[in-house]
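Spelled out, the chains give:
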Amino acid sequence: MPHPPRAGARYHGDQAALPGMLDFAVNVRPGGPPSWLTDRLAARLPDLGSYPSQADQRRAVEAVAARHGRSGDEVALLAGGAEGFALLAGLRPQLAALIAPSFTEPEAVLAAADVPIQHVVLPSPFTLAGADVPEEADLVVVGNPTNPTGVLHRREDILALRRPGRLIVVDEAFADGIPGEAETLAGESLPDVLVLRSLTKTWSLAGLRVGYALGAPDVLARLTAPRPHWPLGTLQLEAITATSSSEAVAEADTGARRLAELRDAMVAGLDALGLGVVAGEAPFVLFTVPDAELMRKHLESKGIAVRRCDTFVGLPGNYLRAAVRPEWPALIDAMTEVLQ
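Residues numbered from 1 in each chain as written. Predicted model: local features only at pLDDT ≥ 70, side-chain atom pairs only at ≥ 80, totals over all residues. Heavy atoms only, no water.

You'll find the chain entered in an unreviewed UniProt entry as Aminotransferase, with Mycolicibacterium alvei given as the organism. The Sequence similarities (unreviewed entry) comment attached to the chain in UniProt states, word for word, "Belongs to the class-I pyridoxal-phosphate-dependent aminotransferase family." UniProt lists a comment for the chain under the heading Cofactor (unreviewed entry), and it reads "pyridoxal 5'-phosphate". (UniProt positions renumbered as here; feature names shortened; annotations may be inferred.)

Draft legend 1. Local environment of the sheet that holds strand S9 (residues 276-277). Strand order in the open sheet formed by four strands is S9-S10-S13-S12, with antiparallel pairing between adjacent strands. If you trace the sheet from one side to the other, it starts and ends with S9 and strand S12 (307-308), each paired once. Pairing geometry for strand S10 (residues 284-288) and strand S13 (residues 319-323), over five bridges, is antiparallel. Directly across from valine 285, in S13, lies its bridge partner alanine 322. Lying over the sheet, helix H8 (residues 246-272) contacts S9, S10 and S13, oriented at roughly 10° with respect to S10. (Pairing = 2+ DSSP bridges. Helix = DSSP H or I, 4+ residues; strand = E, 2+ residues; numbered from the N terminus. Contact = heavy atoms within 4.5 Å. Axes fitted to C-alpha atoms, helices over the stretch in contact; angles between N-to-C directions.)

Draft legend 2. Up close: the domain arrangement of the chain. When its domains are assigned, the chain resolves into domain 1 (13-31 + 249-337) and domain 2 (35-248). Here the C-alpha centroids of domain 1 and domain 2 sit 24 Å apart. Tallying the contact residues gives 26 residues for domain 1 and 38 residues for domain 2. In this assembly, domain 1 packs against domain 2 so that about 2500 Å² is buried in total across both faces, 64% of it on carbon and sulfur atoms. Among the residues domain 1 hides against domain 2, the three largest losses belong to Val249, Glu281 and Val313. Together they make up 24% of the total. (Domains from an automatic or database assignment. Buried area = accessible area lost by both parts, 1.4 Å probe.)

Draft legend 3. Up close: the packing of helix H1 (residues 35-42) against helix H7 (residues 234-243). Two elements in contact, H1 and H7, have axes separated by 10 Å at closest approach and are oriented at 140°. By the angle class used here, H1 and H7 are oblique. In the packing of H1 onto H7, the handedness of the crossing is right-handed. Residue-level contacts link Trp36, Leu37, Arg40 and Leu41 of H1 to Leu235, Glu238, Ala239, Thr241, Ala242 and Thr243 of H7. Of the residues contributing to the contact of H1 with H7, the split by class is six nonpolar, two polar and two charged. (Parallel < 35°, antiparallel > 145°, perpendicular 65-115°, else oblique. Left-handed = near helix turned anticlockwise from the far one by under 90°. Nonpolar A, V, L, I, M, F, W, Y, C, P; charged D, E, K, R; others polar.)

What follows is the structure, encoded as structure tokens:
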């Protein structure tokens, strides 16, 4: 039976971070877009008096296709990865299995469209081993790495979920935050696997809304059928083209390796406090505290925002998520005050 939309499904980390706070709640890379990217976008401002051109659309598609070794008809440009989830209901699935805990937007949009959903809750340590996905599910959504757990699933374990008549949707919003983009399926031309990518995290472009989908041409055609003309603007198309270049991909990988080192140091700090840290590889960390609500209120009083996790299906109320940032020692210091 269709599920009514769950209130917590539409809660996101940006609701926790007030202006001026040290923001560990949102997983957008701090510091804003690099200057070369903002310069390139600024150079297109005089073009905003014209409609987005077919040439810009074609360049963006070709750039993404070349980046992943795909053909152009296997690429659909999106206004952020979240738009890909919003379009899933148009595929008219009979039963959507959502691997949980995970990003809640698929749940929100599918429930709002009266698509029957079933959460497949993974117990700690939140790996896919033994995931009990209903055989009748014709749509399965899984994150890799998964938000909020940070767990990076093996590609073989994701592909093991394939069944005749089933579409696997892989949320790779944070894949370019993993060194070498390990375990990605973005370069695989499979008829029953749809990969959704976001460019807003690594490139600090959350306000511009940019991403893309990679999949079989017939799946993409069905997915994008209800969209209006000019679904993306000129600056969005330019951003996609720019961040898909080989130079940009190399820069993103350098940043991912730097974040991995920061993550190791941050995890060590959390371990030293005696907290339960979930083993993961994403540019954010999931961990347990004795009293999550008390900890969040204390951190807020110190001007620090973290992500509450009781809004995720499958997580008890004692979990918190924090983005990997260079300022992580300030988070550890503030948490120590409560834990002592």
